[in-house]
Amino acid sequence: MTSERIYVGSYTNQPGGGDGIGFGPLDAIALAVTTADPSFLVRSADGQFLYATSEGEQGRVVAFAIQPDGGLELLNDRPTEGKHPCHLEIDPSGRYLLTANYTSGSVAIYPIGADGSLGTATQVIQREGTGPNQERQEGPHAHQVVFDPSGTYTFDVDLGSDTVYTSTLTADGQLEEVDRLRIHPGAGPRHLVFHPRAGAAYVINELDSTLTVCSYADGKLQVVQTASTRPADSPGENFPAELLISADGRFLYGSNRGDNTIAVFAIAGDGLSVELVQTIGSGGDWPRHLAFSNDGSRLYAANERSDAIATFAIDGDGRLTADGTGISWPKPVCILPV
């Protein structure tokens, strides 16, 4: 059992949900703070502050000061001016917090004060557009905001319109669009990761269980490969969620909700093609989020519907082995190692 401590975000308003954010080593996670639907968590680079979504109809973002024992002290919260915020990112300068509001399809930006508290939003961008999936793509659905490795460009991923928007973030907290990538219709792009060194990026698509491989340079993404996140002829419905890339850029890990597996891809040396090399049971039902341990030797999987956090050892070939040290936590949907 690892002694590493983790924060756990969860849904609190679902039947059987918990009360807020959990914290502790795997064998002793306890409630750190009571807060509503903290479905995504990020920590400031200096480790002093933690920010959480409050994923409700009246969305909010919440700021906490991290105490010496890992406890959380509420600083303040702000409305997201959108419904169901599902992802957060701190810009590389540490000056702004960005959030994606899923249901309303908007992106909001907040200044971060010296004391870690959040100011009034400097901008709320409302995306537009639809896709061919009439049930899930009736309008825009922002699912992630992320920066490229250089910190120069900001990307927001819209599931509803099969679009990835590229922008720059100005000094006064405004996104200025510079490009758009159209993923194939009906893909439902959800999360994007960049190769740490090669000019490449990868998008996991929720609605058709695919992974889009892109070349990347100077804010421009271009599709070069599309691969499945599941073996051929897999039965039933499946909805991929999280995507991780190893620190050395050799492997990708994606969660499959429905198949209840983790897909492992080997990445070519130039970053521009991938091969599905393993799918392994996620250790529960509906794996929404994945996270690496700080040393990169283990992977955590948050299985939302079975109230289970599973852990896996990662071998030298990138493959996963369940290590049997999983724990129970109500409706876990985000894991943040300390």
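Structure first, text after, so check above.
Everything numeric here is computed off the predicted structure, so don't read it as measured data.

Glancing now at the overall build of the protein. Along the backbone of the protein there are zero helices and 29 strands. With the C-alpha coordinates aligned to their principal axes, the bounding extent of the protein is approximately 45 × 45 × 40 Å. Of the contacts made within the protein by residues no fewer than 6 positions apart, 47% connect residues no fewer than 24 positions apart. A distance of 1 Å separates the average location of the 21 positive side-chain charges in the protein from that of its 42 negative side-chain charges.

Tracing the backbone shows Leu243 in strand β20 (residues 239-245). Remark: the alpha-carbon pair of Leu243 and Ile112, spanning 131 residues in sequence, is separated by 27 Å. Dropping the residues within four chain positions of it, Leu243 is found in contact with His191, Val193, Tyr202, Val203, Ile204, Leu211, Leu252, Tyr253 and Gly254.

Unoccupied space between atoms shows up once a probe the size of one water molecule is rolled over them. Enumeration according to the criterion identifies one cavity of 30 Å³ or more in this entry. Roughly 70 Å³ of internal volume is contained in the largest cavity. Residue lining of the largest cavity: Ser39, Phe40, Cys86, His143, Arg190, His191, Glu242, Arg288, His289 and Val333, and that is the complete set. Mapped by element, the contributors of at least two residues to the lining of the largest cavity are β16 (189-194) and β24 (287-292). Among the residues making up the lining of the largest cavity, the classes are represented as three nonpolar, four polar and three charged.

Further remarks concern the packing of aromatic side chains. Evaluated as defined, the whole model comprises six aromatic pairs. Judged by centre distance (5.0 Å) and plane angle (55°), the rings of Phe155 and Phe194 are tilted. With Phe155 in strand β13 (residues 154-158) and Phe194 in strand β16, this residue pair connects regions lying 39 residues apart in the sequence. In this pair, the class of Phe155 matches that of Phe194, namely buried.

To continue, consider the environment of Tyr11. Here Tyr11 lies in the loop between β1 (5-10) and β2 (20-25). Take Tyr11: its relative accessible area is 7%, and that puts it in the buried class. Sequence-wise, Tyr11 and Ser228 are 217 residues apart; in three dimensions their C-alpha atoms are separated by 29 Å. Setting aside residues no more than four positions away along its own chain, Tyr11 makes contact with Gly17, Gly18, Asp37, Ser39, Glu55, Arg288, Glu304, Lys331 and Val333. A polar contact is formed between the side chain of Tyr11 and the side chain of Glu55, at a distance of 2.9 Å.

Procedures and definitions
Residues numbered from 1 in each chain as written. Predicted model: local features only at pLDDT ≥ 70, side-chain atom pairs only at ≥ 80, totals over all residues. Heavy atoms only, no water. Helix = DSSP H or I, 4+ residues; strand = E, 2+ residues; numbered from the N terminus. Contact = heavy atoms within 4.5 Å. Lys, Arg positive; Asp, Glu negative; His and termini not counted. Charge placed at Lys NZ, Arg CZ, Asp CG, Glu CD. 1 Å grid on protein atoms, 1.4 Å probe; cavity = no way out; pocket = protein on both sides within 12 Å on 5 of 7 lines; lining within 4 Å. Points joined across faces, edges and corners; volume = space filled by probe spheres on them. Nonpolar A, V, L, I, M, F, W, Y, C, P; charged D, E, K, R; others polar. Phe/Tyr/Trp six-rings, centres within 6.5 Å; stacked < 30°, edge-to-face > 60°. Buried < 20%, exposed > 50% of the residue type's maximum accessible area, 1.4 Å probe, protein only. Polar contact = N/O pair within 3.5 Å; in protein donor to acceptor, adjacent residues only side chain to side chain.

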